Every structure is written in structure tokens, then in C-alpha cells.
Amino acid sequence: MSNQLPKTVDPYRLAGAGAKLDGELPLVGMIRLAPRLESSKGMIGVQLEFGVDTSNTKFIKGSLSAVLQLGCQRCMEPMSYPVNLKLALGMVMGNADNVRLLPDCFEPLLIEADSLDLTEMVEDELLLALPIVPVHSQGSCAVTLEDVCDQPPDHSSETRRPFAHLSDLMKS
Ligand SMILES: [Zn+2]
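Throughout, residues of each chain are indexed from 1 in the direction in which the sequence is written. It should be noted that, the model being predicted, local features are given only for residues of pLDDT at least 70 and side-chain atom pairs only at 80 or more, the latter also being counted only at that level, while totals for whole chains, interfaces and linings use all residues. Excluding hydrogens and water, the side-chain figures rest on all heavy atoms present in the structure.

A. Representation of the confidence of the model for the protein chain in the model. The quantity known as pLDDT measures the predictor's confidence residue by residue, on a range of 0 to 100. Put simply, the protein chain has an average pLDDT of 88, and 85% of its residues get 70 or more. In DSSP terms, a helix is any run of H or I states spanning at least four residues, a strand is any run of E spanning at least two, and both are numbered starting from the N terminus. Of all the helices and strands in the protein chain, helix 4 (residues 166-171) carries the lowest mean pLDDT, 63, while strand 3 (residues 43-52) carries the highest, 98.

Below, the structure is given as C-alpha cells:
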């Protein structure tokens, strides 16, 4: 039975203690992610390991796993989109200029105060993982590529007015 993680944590304390978090966060409440989803039901599996590396960088490593419900942009039906992400985030304190001091193996994670909003961090990672245009894989979509490509060309934008001169003829 997984436990629900706290919304916010003290990242410095957890890094100093080499803490591990293993639990879940709900999708509901992720307001930036919600418009991209068909449904906000469900949980995200979160495994995080906090620590300090040899360059004295405080880091968070771990993984996220979830099955998101997206809307296929070809057939407009819902589709399940499994997400499995690996994280390697280096904590950058206060000033964004400090990002350049971070070893290359870490993505920067800006931390402004002594608290880290776990929900926001996970939401950021999921937003980056979403496809720009979600579509079913070929074969599982209700609309086939042939349906899309075999449609007759659209001439409606062409100006065809065969009777445009009729009123002139009628006058003469
Ligand atoms: Zn589809």
C-alpha cells in the first residue's frame, strides 16, 4: 500500500539526511496540467532519493511513473499515455546565476526558500514529458492515416463564380 507524499518538503534537510521518499501524489490539484488531460483521476508514483554529491551539490534523483489520460488529436477519443521518467535534479539556491555552477549531470531545480513544493516539481516534469500533439499509435486510432490522406482536396477556398457575369449579360 503506497502512502501519499507531503505536498511540500524541506529539501536541504532531506538532502543532508540522505532521505528517500517513496509514495504517491494525486493528479488532482495540478492546475497547470489539468487542461492537457482528459481526466485528473489517478495518482503518480514518486520515488525520490535526496543527497549531497562529491561536488557538494544537493540533489534529488529518482523516478516518476503515471498513466495519463490524454485526448487523441486525430480521433478525439481518450488515450492512455504511460509516463516513466528518470530525474536527476541539482538544487540551485536563490540566484539563478548559480545554475552554471551545477555539474552537467543535473538539471537545475531552483529553490527559493527552505521548502520545496513536491507537487509543483512533479507537475513541471510531467508537463515536459507530454507530447505536443497527442495521437494514438497507428492501428489503435479510430481514424486511420488513409482516412486523413484520402480526403478529396478542398476547393472551397477557390473563387468560382460561373454566374458572376450573368447580371451584366441580363442588362445588355
Ligand atoms: Zn486516435
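B. Inspection of helix 2 (residues 118-129) at higher detail. Each residue after the first adds 1.5 Å to the expected span of a helix. When the terminal C-alpha atoms of helix 2 are compared, their 17 Å separation across 12 residues agrees well with the 16 Å that a helix rising 1.5 Å per residue should span. Of all the residues in helix 2, the buried ones are Leu118, Thr119, Met121, Val122, Glu123, Glu125 and Leu126. N or O atoms within 3.5 Å of each other form a polar contact, as long as, within protein, one can give a hydrogen and the other can take it, and as long as residues adjacent in sequence are counted only when both atoms are side-chain atoms. One side-chain oxygen of the residue at the start of helix 2 lies 3.1 Å from the amide nitrogen of Thr119, identifying that residue as Asp117. For every residue, the accessible area obtained with a 1.4 Å probe (protein chains only) is divided by the maximum for its type, and the residue is called buried under 20%, exposed over 50%, and partly exposed between those limits.

C. The arrangement of the coordination of the zinc ion in detail. Listed donors are limited to N, O and S atoms within 2.8 Å of the metal, widened to 3.2 Å for Na, K and Ca; water is not among them, so incomplete-looking sites are possible. Around the zinc ion, the protein supplies Cys72 (SG), Cys75 (SG), His136 (ND1) and Cys141 (SG) as donor atoms, at distances of 2.0 to 2.3 Å. If you look at the zinc ion, its four donor atoms make angles of 102 to 121° with each other, and the shape they trace is tetrahedral. On the primary sequence, the residues serving as donors to the zinc ion are separated as C-x2-C-x60-H-x4-C. Within this pair, whereas Cys72 is found in the loop between strand 4 (58-71) and strand 5 (78-93), its partner His136 is found in the loop between helix 2 and helix 3 (145-149), the two being separated by 64 residues in sequence. Square planar and octahedral assignments, for four and six donors respectively, both demand that opposite donors be over 155 degrees apart and that all other angles lie between 65 and 115; tetrahedral needs four donors with all angles between 85 and 135 degrees, and anything else is irregular.

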